[in-house]
Amino acid sequence: MSINVRISKGKNISIEGSAQKIFKEISSDLYALKPIDFHLLIPKLSVKIGDKILAGDPLVYDKDNDSIKYCSPVSGVIKEIQRGAKRKLLQIIVKSDKKIKFKKFNVSNHQKMDSENIKKLMMESGLWPLIKKRPFSIVADPNEIPKSIFISCFDSSPLAPDYNFILSEQKDLFQAGLDIVNKLTDGILHLNVDGARNDNDFFEQFSGCQVNKFFGPHPSGNVGVQIHHIDPINKGDVVWTLSPQSVISIGRFFSKGIFDMSKIIALTGSEIKDRKYFKIIQGLNISSMVKNNLKKGEKRYISGSILSGRKIEKDGFVGFYDDQITVIPEGNYYQFFGWALPGFHKYSFSRLFFSWLNEKKEYVLDSNMNGEERAFVVSGQYEDLFPMDIYPVHLIKAIMAEDIELMEKLGIYEVDPEDFALCEFACTSKIPVQDIVRNGLDLIKKEC
């Protein structure tokens, strides 16, 4: 039974730099697996510099569960193993073969496999990390049974890729992936779509899932918001989530028996000259995409959304869970009396400037904070942007006070850092809300 959910709280941010709906294939000599993409993972290396590997060979495994492998997206030679402070493993860089060679897996009987055998095959092949669990938004524990599985088929964040466009040529693989994922839960597989679009009948053709429609501004596309309105998480509950392209990767694996991490990402942002969709292999070095494709000036490179993505370098690599690369101006400048000057070309959620007069106008936004951190007061600002039945400011203050009992009462299990990204963008106190929420979730997981 389909469910329609209408959200009134939130805000769409009008930013210049969306990608044209044009596909282009691109490759690179270098690819990387970044253990830092998998929160709370304690990685153990399976390779050393100079080793020759196939696509699908394990590079690291989980110290807490050595059956979960994190595998190379390409074949080639291990070129570099980069570490950070306290020898933290940052990324394993592979120099790719010109023609990718794949490790073969036996999937001939996958239609008759039960959930346990499917899990074992996904853990061995490197597919398992595609599944994340709520609460905590970490790689799912294969020993747990989720009460439901959620797939958000639209992203409401600024400049987000269009999944209807991405999936249009991969319907069969998407359905094959849904059939496999459906075996991993006794509950409902929820497929959530943007109810405001006219082409939502595209998703009605898929079987084995419940298609739900969401109406309203960002963050209606956040899977955490969708879970809250359809199947809320209480203490002790587990819900699994996947992205649409993760479902395609699973479908491709069980159709071909190879760890083929091909995907489509959007190259977005006001500082890109030619913005389009690129067919890549996961972990691509972005220098091949941005070379000779940038406007003048210093840039901020982001793997993921402009609101919740991770900063990378010009020669950095696409994040494991990211479906877009965003490039915006670096905001390393100061304006004398900037807040007091007329703001005809500035963007604001309030009426301090004049962006409210034309909400369809697209703005060029940079990384400048426009101020420093200040007193965190109750202003009602978060409540207008946070579409959950939760008191966001009270929850943040409880996390800052490390009051675990109060955090639980205020709904810590239902939230994720990205659910507060819009609040952080608008915050007049300049509080790093997403970092605070992540610290709270880590504390809860450790203590409870």
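Basis of the calculations
- Residues numbered from 1 in each chain as written.
- Predicted model: local features only at pLDDT ≥ 70, side-chain atom pairs only at ≥ 80, totals over all residues.
- Heavy atoms only, no water.
- Disulfide = S-S within 2.5 Å.
- Buried < 20%, exposed > 50% of the residue type's maximum accessible area, 1.4 Å probe, protein only.
- Helix = DSSP H or I, 4+ residues; strand = E, 2+ residues; numbered from the N terminus.
- Contact = heavy atoms within 4.5 Å.
- Salt bridge = Lys/Arg side-chain N within 4 Å of Asp/Glu carboxyl O.
- Pairing = 2+ DSSP bridges.
- Axes fitted to C-alpha atoms, helices over the stretch in contact; angles between N-to-C directions.
- Phe/Tyr/Trp six-rings, centres within 6.5 Å; stacked < 30°, edge-to-face > 60°.
- Lys NZ or Arg CZ within 6 Å of the ring centre and 35° of its normal.

**Student:** Account for the state of the cysteines, naming residues and giving values.
**Tutor:** A complete count under the given rule lists zero disulfides for this structure. With no disulfide of its own, cysteine 427 lies 8.4 Å from the sulfur of cysteine 423, the closest cysteine sulfur.

**Student:** Lay out helix 3 (residues 171-181) in plain terms, naming residues and giving numbers.
**Tutor:** Residues of helix 3 that are buried include every one of Leu173, Phe174, Gln175, Gly177, Leu178, Ile180 and Val181, and no others. In the core, the buried residues of helix 3 are packed alongside helix 1 (115-125), strand 12 (148-152), helix 2 (163-167), strand 13 (188-194), strand 15 (239-242) and helix 6 (244-256).

**Student:** Which residues make up the pattern of salt bridges, and what values go with them?
**Tutor:** Overall, the coordinates contain 24 salt bridges when judged by the stated rule. Of the charged contacts, one joins lysine 147 and aspartate 231 as a salt bridge, the two residues approaching to 3.0 Å between their closest N and O atoms. You can see lysine 147 sitting in the loop between strand 11 (138-139) and strand 12 and its partner aspartate 231 sitting in the loop between helix 5 (223-230) and strand 15, a full 84 residues away along the chain. On the basis of relative accessibility, which here comes to 28%, the residue lysine 147 falls in the partly exposed class.

**Student:** Tell me what's going on with the sheet that holds strand 6 (residues 58-62), and back it up with residues and numbers.
**Tutor:** Taken in spatial order, the three strands of this open sheet run 4-6-7, and their pairing is antiparallel. For this open sheet the edge positions go to strand 4 (43-45) and strand 7 (65-71), each flanked by a neighbour on one side alone. Between one strand and the next, the sheet's axes are offset by a mean angle of 35°, whatever the strand orientation. With three bridges joining them, strand 4 and strand 6 adopt antiparallel strand pairing.

**Student:** Tell me about the packing of aromatic side chains, and name the residues and values.
**Tutor:** Under the definition given, this model contains 16 aromatic pairs. Ring centres 5.0 Å apart and planes at 85° place the aromatic pair phenylalanine 202 and phenylalanine 203 in the edge-to-face group. For the pair phenylalanine 202 and phenylalanine 203, one class covers both residues: buried. Chaining the aromatic ring pairs together yields one cluster made of Phe38, Tyr70, Phe320 and Tyr321. One residue, arginine 6, lies across the ring of phenylalanine 215, its end atom 4.1 Å from the ring centre. Geometry around phenylalanine 23 places lysine 279 over its ring, the cationic atom sitting 5.0 Å from the centre.

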